[in-house]
Amino acid sequence: MSKLIKRPIYIDKIKKFINDDVVKILIGIRRSGKSELLKLIMNEILKLADKQHLIYINFESADFFDIDNYQKLSKCISKLMIDEKKYYILLDEIQHVEHWEKTINSLRLKNTDIYITGSNSKLLYGEYAALLSGRYISFEISTLSFKEFIDFRKENNFTTKDFLNEYIKTGGFPLFSTIEYDDEQIEILLNDLHRSIVITDVTTQYKITNTSLLERIILFIYNNIGNVFSARKIADFLLSNNKEKTNVSKIIEYLTYLENVFVIKKVKRYNINGKKILETNCKYYLSDHSLQYAVGKFQKTKLPGILENIVFNELIRRGYKVFVGKLNERDDREIDFIAEKIANNERIYIQVCKEFNSRDTIKREFGVLSEIKDNFPKYVVTTDEFWQESIEGVKSIHLHDFLLLEKF
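Conventions we followed
- Residues numbered from 1 in each chain as written.
- Predicted model: local features only at pLDDT ≥ 70, side-chain atom pairs only at ≥ 80, totals over all residues.
- Heavy atoms only, no water.
- Core = buried A, V, L, I, M, F, W, Y, C linked by side-chain atoms within 4.5 Å.
- Buried < 20%, exposed > 50% of the residue type's maximum accessible area, 1.4 Å probe, protein only.
- Contact = heavy atoms within 4.5 Å.
- 1 Å grid on protein atoms, 1.4 Å probe; cavity = no way out; pocket = protein on both sides within 12 Å on 5 of 7 lines; lining within 4 Å.
- Points joined across faces, edges and corners; volume = space filled by probe spheres on them.
- Helix = DSSP H or I, 4+ residues; strand = E, 2+ residues; numbered from the N terminus.
- Nonpolar A, V, L, I, M, F, W, Y, C, P; charged D, E, K, R; others polar.
- Pairing = 2+ DSSP bridges.
- Axes fitted to C-alpha atoms, helices over the stretch in contact; angles between N-to-C directions.

(A) Representation of the nonpolar core within the structure. In terms of nonpolar packing, the biggest core is built from 92 residues, with Leu-91, Ile-221, Leu-315 and Ile-350 touching the most fellow members. Those residues within four positions of Leu-315 in sequence are excluded, and the remaining contacts are Tyr-320, Val-322, Phe-337, Ala-339, Ile-348, Ile-350 and Phe-408.

Pasting the structure below:
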């Protein structure tokens, strides 16, 4: 049995809101560790309350399959609340309950402290948001950061020494770092996970009948991590390769579904000199880079995109808002990431480069950043073992060291 390992990056934030009159919502991709975090929260609660006043329901457990609408949920919880003391209610994967928000809104008016998890960002929109406007706080739970990946493996006595290579090849889903699987087992589990996301969280939830189109769109995205493209480009690709004419609006709809269940994240471009967001074309990254291996295994030719994906997720995990950068409309050169925390007046510029194999590569990666005339940090993040120089204020840093920096 795997250990329940603390994730202080989340627990330290969430436990500050124990007993606060807001509903705590944990959202994120399936198997990112939301259920384990809910159990860690339970441990914190049990320091303050007794077991009799803690109600926990996992809606993916067969014991609760029959609770599929808000009336049944209300009835179930009402039976468990037998006195007037405060009850701590923890509901895991609540999206399986139809109109669950009605029950939550009702329970919130009682002497309760409520925590819920879900694998769909729609939890924060629609009727629920209207009912609880200003009375909830959300936490997006990501798969393991590189630092967490190391911590998890050390806790579980894994023998691998080259953690970065393992992280690149294995990804950050906690399951793969709490139990030691071989490569074949990981491949099988990743495929199962991918199918469950596509079938359960997308196809079933959104009643998609054209699953082959969904799968081709996913394959296109997975093969184009780090590339700028549009829904029109996907449609043109499908027409030229599969002789399949596809409505652009349908592709946009499917992309939205994939965003809703946290498979992909959309990144817009930003014109630095013009100081405006560009609406045409964008990039998509995966919530965990290992999802790419579910359809194409690990391929060294895809490594540049994988490295970008890892850096992107680290920035998002640390609370940055991220854009793809352009110096101006006429300049085709790209800055991989502009990451901002506007409230803190923080900004960093990042290029990601697998290795510096020519002078042209060095000029390209460092040159575009050196043309930005402000005092914010600028990094070229690389896996090159032989280049650690800085040029004109632009710092070269190994991916391993970048991911473990306390502050950028």
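Don't stop here, the text continues.
(B) Representation of the layout of surface pockets in the model. Looking at the largest pocket, its volume works out to about 860 Å³. Only α1 (8-14), β5 (136-140), α12 (248-260), β6 (264-271), α14 (303-317) and β8 (321-326) provide two or more residues apiece to the lining of the largest pocket. Tallying contributions element by element places β6 first for the lining of the largest pocket, with five residues. Here the residues of the lining of the largest pocket sort into 15 nonpolar, five polar and nine charged.

(C) Region of the structure containing the sheet that holds strand β4 (residues 112-118). Taking strand neighbours across the sheet as the criterion, the five strands line up as β2-β3-β4-β1-β5 in an open arrangement whose pairing is parallel. The outermost strands of the open sheet, each flanked by one partner alone, are β2 (54-58) and β5. With direction set aside, neighbouring strand axes in the sheet form an average angle of 15°. Two elements, strand β1 (residues 23-27) and β4, share four bridges in a ladder whose sense is parallel. Within β4, the position partnered with Leu-26 by the bridge is Thr-117.

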